[in-house]
Amino acid sequence: MTIQDHVPLAPLTTLQVGGPARYLVEAASEDDVREAVDFARAKDLPLLVLGGGSNLLVADSGWPGLVIKIAIGGISQQEENGTLLMDAGAGVNWDQFVAQAVASDYAGVECLSGIPGSVGGTPVQNVGAYGQEVSETIEWVRAFDLKANRVVILPEEACGFHYRTSIFNTTERGRYIILRVTYRLRQDGTPSLKYADLQRHFAATGSPPSLAQMRAAVRQIRQSKGMLIVPGDADSRSAGSFFKNPVLSEVQFRDLATRAELKGLKIPSYPALDAQRKVSAAWLVEHSGFSKGFTLGAAGISRKHALALIHTGSASAADIVRLKETIQRGVEKTWGILLEPEPVFVGF
Ligand SMILES: Cc1cc2nc3c(=O)[nH]c(=O)nc-3n(C[C@H](O)[C@H](O)[C@H](O)COP(=O)(O)OP(=O)(O)OC[C@H]3O[C@@H](n4cnc5c(N)ncnc54)[C@H](O)[C@@H]3O)c2cc1C
C-alpha cells in the first residue's frame, strides 16, 4: 500500500474542482482499509472515504487529512429461489455492475443505469432514478465500523434508507467504511416502467421492454440531459443534480400552490413525486429566473438540465458555491423554499 502526498483531488471528481489531499491511499482490500485507518489514527488525521467522486464538491483548500480511495473489486453471484444475490466490492464501478445484472437478465437496478460512481457510494445517499432506489434491492452492506473497530454486516433495515438519505449520510455519518454491498435481484426480468420519460419512450412499442432495452433507453435519456458522463460533454462535468427535490409539509405545499396561482402558474404534478409530496427542484429553479445555460462567472447551469451545476473549466470550488448560494437565495425569495444541496461538501 503506497501512501501518496499532496494529491490533486479535482481530477478524481466528476465536477473537477477543488484542492489537494494531504495524503491519499488506494485501498484494494479490507486489509488495506485497516492499514489506512491505522495510519490516519497514528498521525491523528481526519479521514475522507472516496468512491468515484461523483457526488462531491471539494473545497479549494483541499482535504487536510487522509483520503482513502476505495478500490475493492470483485462481483460474485449466487442464485436463491428465483432471486439472485449479487455481491460487489465497494470499488466496483456502479454502471458496470448494472450492466452485468442486466446481461444476466435479473431485474431491480436497470433504471439506475448510467449513474456514475462506485458500488460503495450507492447506499450512502440511497441512489435513485427513474422510479428505482437501491434500498429496494440492497440485502446487506458489509462495512468497517470505525467506532467498534471491526467489520460488521448491516442488513437493509439497519441502513435507515429514505429519499437520498441513509444512516451513512445522516446519523452515522463518518462511522462506516463500506467494503461490499449485496443486492437481491429478481429473475422474472420485467423492468420497472414508472416514469413518464420512459413511458413516452416505449409508448410506440406494443410489448413491455426487455431489461436491456430499458437500460439502453435510460442511458439515452440521461445522455440527452447531460446526466451521463460523456468525455468532451461539458454539460456532464457536474456532480449530477445539485439540489434535492424538496419534500414539503401540507402547509408548505399549500403556500407554494398559492404563490404559483398568483403568478398564473401550476406546480407540475408527477405521480412519482406526488407519492412522497416532493416538488420538482428543477421547476423551482427554472421559475426563479435561472434557466438552463445560466452563467455566473466561470460557473453555470448545464444547458441540458436545470439542476446540474457545471463550469467552463476555469472555475474554483468557491465559484460553484457562489452560484449555488445565488440559486438558493433566488428560489427562497420566489417560493419560500430553501433548496438543500445533494452533493457532499468536503473540506469546507
Ligand atoms: C452526471 C451525474 C449523474 C448523477 N445521477 C444521479 C442519479 O440519477 N441519482 C442519484 O442518486 N445520484 C446521481 N448522481 C450522484 C452520484 O453519482 C451518486 O450519489 C453516486 O452513488 C456517488 O458515488 P461515488 O462512488 O461517486 O461517491 P463519492 O462521490 O466518491 O462520495 C460521495 C459520498 O459517499 C461517501 N462514500 C463513497 N464511497 C464510500 C464507501 N465505500 N464507504 C463509505 N462512504 C463512502 C463519501 O465519503 C462521500 O461522503 C449523479 C452524479 C453525476 C455526476
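Owing to the predicted nature of the structure, the values given are computational and were not obtained by experimental measurement.

Parameters at a glance
- Residues numbered from 1 in each chain as written.
- Predicted model: local features only at pLDDT ≥ 70, side-chain atom pairs only at ≥ 80, totals over all residues.
- Heavy atoms only, no water.
- Near = heavy atom within 4 Å.
- Polar contact = N/O pair within 3.5 Å; in protein donor to acceptor, adjacent residues only side chain to side chain.
- Areas by Shrake-Rupley, 256 points an atom, 1.4 Å probe, with all protein chains shown as cover.
- Helix = DSSP H or I, 4+ residues; strand = E, 2+ residues; numbered from the N terminus.
- Pairing = 2+ DSSP bridges.
- Core = buried A, V, L, I, M, F, W, Y, C linked by side-chain atoms within 4.5 Å.
- Buried < 20%, exposed > 50% of the residue type's maximum accessible area, 1.4 Å probe, protein only.
- Contact = heavy atoms within 4.5 Å.
- Phe/Tyr/Trp six-rings, centres within 6.5 Å; stacked < 30°, edge-to-face > 60°.
- Lys NZ or Arg CZ within 6 Å of the ring centre and 35° of its normal.
- Salt bridge = Lys/Arg side-chain N within 4 Å of Asp/Glu carboxyl O.
- Expected span 1.5 Å × (residues − 1).

Caption draft 1: Expanded view of the site of the ligand. Around the ligand lies a shell of 34 residues, among which V49, S54, S118, G128 and R222 are the nearest. Note that an oxygen atom of the ligand is positioned 2.7 Å from one of the side-chain N or O atoms of S54. Within the backbone of N55, a nitrogen or oxygen atom sits 2.8 Å from an oxygen atom of the ligand. For the ligand, the protein covers 94% of the area, taking 970 Å² as the surface of the free molecule. Of all the secondary structure elements, the ones that give two or more residues to the shell around the ligand are strand 3 (47–50), strand 8 (128–129) and strand 12 (176–186). Examining the composition of the shell around the ligand, we find that 3 residues originate from one element, strand 12, more than from any other.

Caption draft 2: Examining the pairing of strand 6 (residues 75–80) more closely. In terms of strand pairing, strand 6 meets strand 7 (residues 83–89) through 6 bridges, oriented antiparallel. Bridging across to strand 7, I75 finds its partner in A88. From the end of strand 6 to the start of strand 7, which pair antiparallel, there are 2 residues, and N81 there has a positive phi angle of about 45°.

Caption draft 3: Expanded view of the sheet that holds strand 14 (residues 299–301). Strand order in this open sheet of 3 strands is 13-14-15, and the pairing throughout is antiparallel. Strand pairing shows two members of the sheet lacking a second neighbour, strand 13 (295–296) and strand 15 (309–311), which therefore form its edges. When strand 13 meets strand 14, the two strands line up antiparallel, connected through 2 bridges. Looking at strand 14, one finds that T295 is bridged to G300.

Caption draft 4: Here's a closer look at the nonpolar core. Membership of the largest hydrophobic core comes to 58 residues, with the highest contact counts inside it found for V33, I68, W94, V141, Y183 and L198. At 7 residues, the largest contribution of residues to this core is made by strand 12. Contact partners of V141, with chain neighbours within four places excluded, come to P123, V152, I153, L154, C159, F168, I178, R180 and V181. In terms of nonpolar packing, the next biggest core, distinct from the first, is built from 32 residues, L256, L284, V321 and L339 among them.

Caption draft 5: How the structure looks around the packing of aromatic side chains. Following the criterion strictly, the structure yields 11 aromatic pairs and no others. Here the aromatic rings of Y130 and Y195 are separated by 5.6 Å at their centres, their planes lie at 75°, and the arrangement is edge-to-face. In this pair, Y130 is assigned in the loop between strand 8 and strand 9 (132–133) and Y195 in the loop between strand 12 and helix 3 (196–202), connecting sequence segments 65 residues apart. Given the relative accessible area of 27%, Y195 is considered partly exposed. In textbook terms, an aromatic cluster arises when at least three aromatic residues are bridged by ring pairs, as seen for F242, F243, F345 and F348. Between K263 and the ring centre of W335, over which it is positioned, the NZ or CZ distance is 5.6 Å. Here K278 stacks its cationic end above the ring of Y163, 3.7 Å away from the centre of that ring.

Caption draft 6: Representation of the pattern of salt bridges. Under the definition given, this model contains 16 salt bridges. For E80, the salt bridge is made with R184, and the minimal N-O distance between the two is 3.2 Å. Taken together, the positions of E80 in strand 6 and R184 in strand 12 put the pair 104 residues apart, joining distant regions of the chain. Taking the relative accessible area as the measure of exposure, R184 reaches 25% and is therefore partly exposed. Between D95 and R219 there is a salt bridge; the shortest N-O distance is 2.5 Å. Taken together, the positions of D95 in helix 2 (residues 94–103) and R219 in helix 4 (residues 211–224) put the pair 124 residues apart, joining distant regions of the chain.

Caption draft 7: Molecular detail of the side chain of T182. Here T182 is to be found in strand 12. Residue T182 is classed as buried on the basis of its relative accessible area, which comes to 3%. Among the polar contacts made by the side chain of T182, one reaches the side chain of D87 at a distance of 2.7 Å. If sequence neighbours within four positions are ignored, T182 has contacts with L85, M86, D87, T137, I138, E139 and W140.

Caption draft 8: Summary view of unusual backbone geometry. The phi dihedral of H6 falls on the positive side, at around 45°, and the residue is not glycine. Residue classification places H6 among the exposed residues on the basis of a relative accessible area of 52%.

Caption draft 9: Fine view of helix 5 (residues 250–262). The terminal C-alpha atoms of helix 5, which comprises 13 residues, lie 19 Å apart, in line with the 18 Å expected from a rise of 1.5 Å per residue. Downstream of helix 5 by one or two residues, G264 has phi in the positive range, about 70°.

Caption draft 10: Fine view of helix 8 (residues 317–335). In this model, helix 8 (19 residues) spans 27 Å end to end at C-alpha, consistent with the 27 Å of a helix rising 1.5 Å per residue. For helix 8, the complete set of buried residues consists of A317, D319, I320, V321, L323, K324, T326, I327, Q328, G330, V331 and W335. Backbone geometry just after helix 8 places G336 at a positive phi near 70°.

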